[in-house]
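One-letter residues, chain by chain:
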Amino acid sequence: MSEYPAHLVTDVVLKDGSTVRVRPARPDDAVRVEDYLIGLSPETRRLRFWTQAIDVRTLAAQVVDVDHDRHLTLLALTGGDEGTVIGGSQYVRVDGDRAEFSVSVTDAYQGRGLGSILLGLTAQAAAERGIRTLVAEVLPENHRMIDVLRRSGFPVQIRATPGALEVEFPVTLTDEALEHFERREAQAAVAAVRTFLEPRAVAVIGASRDPSSIGGQLFRNLLLAGFAGAVYPVNPNATVVQGVPAYASILDVPGEVDVAFITVPAPLVGDVARECGMKGVRGVVVISAGFGETGGDGPKRQAQLLEICRAHGMRLIGPNCMGIVNTDPEIRLNGTFATVYPPPGRVGFLSQSGALGLAVMRYATELGLGLSSFISVGNRADISATDLIAYWSEDERTDVILLYIESIGDPRRFGHLAREVGRRKPIVVVKSGRSAAGARAAASHTGALLAASDVTVDALFRQSGVIRTDTLEQMFDVATLLANQPAPAGDRVAIVTNAGGLGILCADTCEANGLVVAPLSEATQARLRRFLPPEAAVGNPVDMIASAGAEDYERAIRTVGEDPDVDAMIVIYIPPQTFRAPEIARGIVRGIQQLEGRIPVVTTFMSTHGLPEELQAAETRIPSYPFPEQAALALARAAEYGRWRARPAGSRPRFPDLRPDEAAAIIAEGLAEGAGWLAEERVERLLACYGIPTVRAERAATPEEAGAAAARVGRRVALKAVGPGIVHKTDLGAVAPGLSGATEVEAAARAMTERLAALGLRPAGFLVQEMVEGGVEMLVGVAHDPLFGPVVACSAGGTAAELVRDVAVRLAPLTDTDAIEMIRSLKTFPLLDGYRGAPKADVAALEEIVLRVRELVEAHAEIAEMDCNPVMVLPSGAVVVDARVRLTEVAPRAPIAAIG
């Protein structure tokens, strides 16, 4: 029997948000499987086994008689590893790369997505063991199974035969199959979060008679907010808590409980959570601290808590969190110990920090920025930011999503979902940790260029349309804008002010952050001159001077806003006479309202008395900021988001000439000799498998052979030494370009050998390459991040790549739009675009190399680092001159549908 495949043990989420353990079967599972088979309804038994009469004991023995290679069985259980079997799947190999498969689910769990999950996990496990195709025979009336197959995303072929349907599909996880599982995960996440934010009954375990304690304050907040459901206090030392009858245990509560808030000391949380599971509670919010955020027993205690929740199918928020809020008037859930309750609004907010969450709730309330819901996830042991994004994407009361996060558990899932949701709702994030303190040592140019801990996060957010701000204040500035105004359709901003100095400050900030403050059209300037005094400036900024009144503001805003070349407007007012402020505010409001939302308008109202009521009124929906720089920064972030949303979503081009199996064999050859840098001959073959063009070259073992090769390769050649330890060739003097003729090449090879010998290096041979001249040197590379996966980089190439540090980074998977944008975002892009009269380089050819490199590294996780440097981009075509690939052994891929 093969070794037990422990990496296939996983927890998965069903459509209703509950969890189930899936693991490979063991011989000691026979009795569990017998009980499962006995519990199946006659109809389910007939559809699965083609008869209602089965020999339970014999069949169960066959199911668990596995070797995990020829025969693998996966069991789905509630109650943890030793719990109750509720479903299963298996494959049995019938020949070299084909296997028969089967799936069944107990009646109570049918229709909850478990069959699809088991199908996908079985296909993934089969693929790991060299099986290419799964086959089965299904009764024609087994419509549920046929539907699972049709909706799986696998390219299923079904053929009718007398009395049966023959099913066949390849086990490779296609993009369609992955999309199916990602969509199913998102639906399950929505259901899980809905459990917490839309409960019918809640309990507070640790509810206290002391309203100043955490348990007392949380219970009091639930009562004061007017929660629409039942609230049960649980306290073994009290019969009444704050006027409400209390219960000694959650098991004593007479009715059903959807969510339990736990505030007891950390050592008691595990037992309390276990009782919640026995009660049938669907979700627990653990306020208590003393878990993964601490040393000692904390991390172990957190792992045990999560295991208890998994065993009972419960979901968990926290531990070490502040709680949750839903301001929906139909629910009014305030399950926090905060002293403020935010007003209802259109913004969903998540905080990974509990203390920060308290401050943020207070700040939002002061700003008048209403929240739809608030979640403090604390240690994020289970429910994550990605789950909340999925929920808010479907929540009709949420227009803007705010996140304060310290880490991202599953970047690929986060990015995929954020990219989809961001097309409809803006996501604004503050993520701590921008420093390079966590930079890793890297041997390649690409690794060095990416050796900053936050580069990958920026790339993830950029590709996903996430608006990243540096501070919480900026986050709320952007949220205030996007919750009340549309995102700008372009970068062109007009500034209307009564103080020229403030207008200049605002314009400088706009230009420094990617906005364009261009002169207004002659027609608009002429219209402004008709009613503004001669001293006014009407170019842009429009300085109406200090005497400007309410009517001037109203007419100027309307006039400028009607200019088709203006995408957004900033209106600034500094009161020379404070008593005029309310009148001016009314004029500003009238002017903005007359634009009817054609463009976003933000204001800066600098007054010692704060904002006039006219600008604070909810119905006006006009964002206002204390200083013009704040307004400009918020608008710049919103404009960047508007550009992302307006761009084409992009697609993944298909290259029919790829040879992934041959590439896998080359990688296996390299790994057989040990992880590390792949031999250059193999690198060239590997690139050829993915259609990545390389220069004409020959290999030679001696200086004499190198000279002879030069005569065959070309008129001018480059000579390179190859061998162990010869990595950065230029630094080692292991490259000599621009050589001509056999004599010159042979002499250069001898000199190179002596130079390397002095450094303790001995070349294994030489590479004689045709010189490629007249192009632009670029770098295309990859560094594999253990959390984010392949990180693709493009930059100026050659020996100065790290010195220039002009690099664009994207995460796989890349679309054609990503490739185009990353190349055009480089400061050195003008070199490709005909700088100072030079011929334009073939940028499309460079884009194709980027996309082919993406295909290579996505298909082969063993590639830890890769450099194509330089890539010579010519007026027609592009070619890789030098390339290096470092390999590493990788663990099996995590199971699909696993909880991230």
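For the structure, check the block above.
Bringing the overall build of the chain into the picture now. Within the chain, the secondary structure is distributed over 30 helices and 38 strands. On C-alpha atoms alone, the chain measures out to a radius of gyration of 32 Å, which is about the 29 Å that the 2.2 N^0.38 rule sets for 900 residues. With the principal axes as the frame, the chain shows a C-alpha extent of 95 × 90 × 60 Å. By residue count, 56% of the 900 residues in the chain fall in the buried class. Here the analysis covers contacts within the chain between residues at least 6 apart in sequence; of these, 69% occur between residues at least 24 apart. Element-wise, carbon and sulfur atoms account for 52% of the exposed surface of the chain, whose accessible area totals about 36000 Å². Within the chain, one finds 89 positive and 111 negative side-chain charges whose respective centroids are separated by 1 Å.

Under the criterion given, the structure shown has 0 disulfides. The thiol of Cys309 is not disulfide-bonded; the next cysteine sulfur, from Cys276, is found 8.4 Å away. Given a relative accessible area of 0%, Cys309 falls into the buried group. Unpaired in terms of disulfides, Cys794 finds its nearest cysteine sulfur in Cys868, a separation of 11 Å. Of the residues examined, Cys794 reaches a relative accessible area of 0% and is grouped as buried.

All right, on to the pairing of strand 33 (residues 776-785) then. Counting buried positions over the 10 residues of strand 33 gives 8, a clear majority of the element. Relative to strand 36 (residues 863-873), strand 33 runs antiparallel, the two being bridged by 7 bridges. Each residue of the ladder has a partner; that of Ala783, found in strand 36, is Glu865. Relative to strand 34 (residues 789-796), strand 33 is paired through 8 bridges, and the arrangement is antiparallel. If you follow Val782 over to strand 34, its bridge partner there is Val792. Counting the residues in the hairpin turn of strand 33 and strand 34 gives 3 residues.

A word on the environment of Pro790. With respect to the element layout, Pro790 can be found in strand 34. Taking the C-alpha atoms as reference points, Pro790 and Pro426, 364 residues apart in sequence, are found 26 Å from one another.

With that settled, the discussion passes to the pairing of strand 4 (residues 84-93). For strand 4, the tally of buried residues reaches 7 of 10 residues, placing the bulk of the element in the interior. Where strand 3 (residues 71-78) folds back on strand 4, the antiparallel hairpin that results is connected by 5 residues, among which Gly79 adopts a positive phi of roughly 90°. In terms of strand pairing, strand 4 meets strand 5 (residues 98-105) through 7 bridges, oriented antiparallel. Within strand 5, the residue paired with Val92 across the bridge is Glu100. Adjacent in sequence and paired antiparallel, strand 4 and strand 5 are bridged by 4 residues.

A word on the pattern of salt bridges. Considering all chains together, one arrives at 66 salt bridges under this definition. For Arg590, the salt bridge is made with Glu554, and the minimal N-O distance between the two is 2.9 Å. Of this pair, Arg590 sits in helix 19 (residues 581-594) while Glu554 sits in helix 18 (residues 550-561); the two residues are 36 residues apart in sequence, bridging distant segments of the chain. Overall, the relative accessible area of 36% leaves Arg590 in the partly exposed class.

Quick look at the nonpolar core now. Core analysis: the largest hydrophobic core is formed by 58 residues, its most contacted members being Phe261, Val285, Ile324, Leu403, Phe414, Ile427 and Phe461. Those residues within four positions of Ile427 in sequence are excluded, and the remaining contacts are Ile389, Ile401, Leu403, Ala418, Val421, Gly422, Val466 and Ile467. Listed in part, the 50 residues of the second largest apolar core include Met322, Val360, Tyr404 and Leu481.

Following the sequence through the fold, Thr559 ends up in helix 18. Excluding residues within four positions of it along the chain, Thr559 makes contact with Thr524, Arg527, Leu528 and Phe531.

Right, let's get into helix 5 (residues 143-150). Residues Met145, Ile146, Val148 and Leu149 constitute the buried set of helix 5. Seen from one end, helix 5 has its buried residues packed into an arc of 155°, which puts them on one side. Residues of helix 5 that are exposed and point more than 90 degrees away from the buried face comprise His143 and Arg150. In this structure, the buried side of helix 5 is in contact with strand 5, helix 4 (114-128), strand 6 (133-138), strand 7 (157-161) and strand 8 (164-170).

Using the criterion set out here, one finds 10 aromatic pairs in the structure. Between Phe154 and Phe169, the ring centres sit 5.0 Å apart and the planes meet at 35°, which makes this aromatic pair tilted. Here the residue Phe154 occupies a position in the loop between helix 5 and strand 7, and Phe169 occupies one in strand 8, the gap between them amounting to 15 residues. Across the pair, exposure class does not vary: Phe154 and Phe169 are buried alike. With centroids separated by 6.4 Å and ring planes inclined at 20°, the aromatic side chains of Tyr641 and Trp644 adopt a geometry described as stacked. Within this pair, Tyr641 and its partner Trp644 are both found in helix 21 (residues 628-646), separated by 3 residues, close to a single helical turn. Assigned by exposure class, Tyr641 and Trp644 land together as buried. Clustering of aromatic rings is evident, with ring pairs tying together Phe349, Tyr363, Phe374 and Phe476. Its guanidinium or amino end placed over the ring of Phe655, Arg852 lies 4.2 Å from that ring's centre, counting from NZ or CZ. Its guanidinium or amino end placed over the ring of Trp677, Arg884 lies 5.2 Å from that ring's centre, counting from NZ or CZ.

Let us now look at the sheet that holds strand 31 (residues 735-739). If you trace the 4 strands from one edge of the open sheet to the other, you get 29-32-30-31, paired in antiparallel fashion. Looking at the sheet topology across the chains shown, the edges are occupied by strand 29 (697-700) and strand 31. Strand after strand, the sheet turns through a mean of 20° between neighbouring axes, direction not considered. Two strands pair when backbone bridges link them, and strand 29 and strand 32 (residues 765-770) are joined in this way by 4 bridges, in the antiparallel orientation.

Reading the values: rules and limits
Residues numbered from 1 in each chain as written. Predicted model: local features only at pLDDT ≥ 70, side-chain atom pairs only at ≥ 80, totals over all residues. Heavy atoms only, no water. Helix = DSSP H or I, 4+ residues; strand = E, 2+ residues; numbered from the N terminus. Rg over C-alpha atoms; globule rule 2.2 N^0.38 Å. Buried < 20%, exposed > 50% of the residue type's maximum accessible area, 1.4 Å probe, protein only. Contact = heavy atoms within 4.5 Å. Areas by Shrake-Rupley, 256 points an atom, 1.4 Å probe, with all protein chains shown as cover. Lys, Arg positive; Asp, Glu negative; His and termini not counted. Charge placed at Lys NZ, Arg CZ, Asp CG, Glu CD. Disulfide = S-S within 2.5 Å. Pairing = 2+ DSSP bridges. Salt bridge = Lys/Arg side-chain N within 4 Å of Asp/Glu carboxyl O. Core = buried A, V, L, I, M, F, W, Y, C linked by side-chain atoms within 4.5 Å. Arc of directions from axis to C-beta. Phe/Tyr/Trp six-rings, centres within 6.5 Å; stacked < 30°, edge-to-face > 60°. Lys NZ or Arg CZ within 6 Å of the ring centre and 35° of its normal. Axes fitted to C-alpha atoms, helices over the stretch in contact; angles between N-to-C directions.

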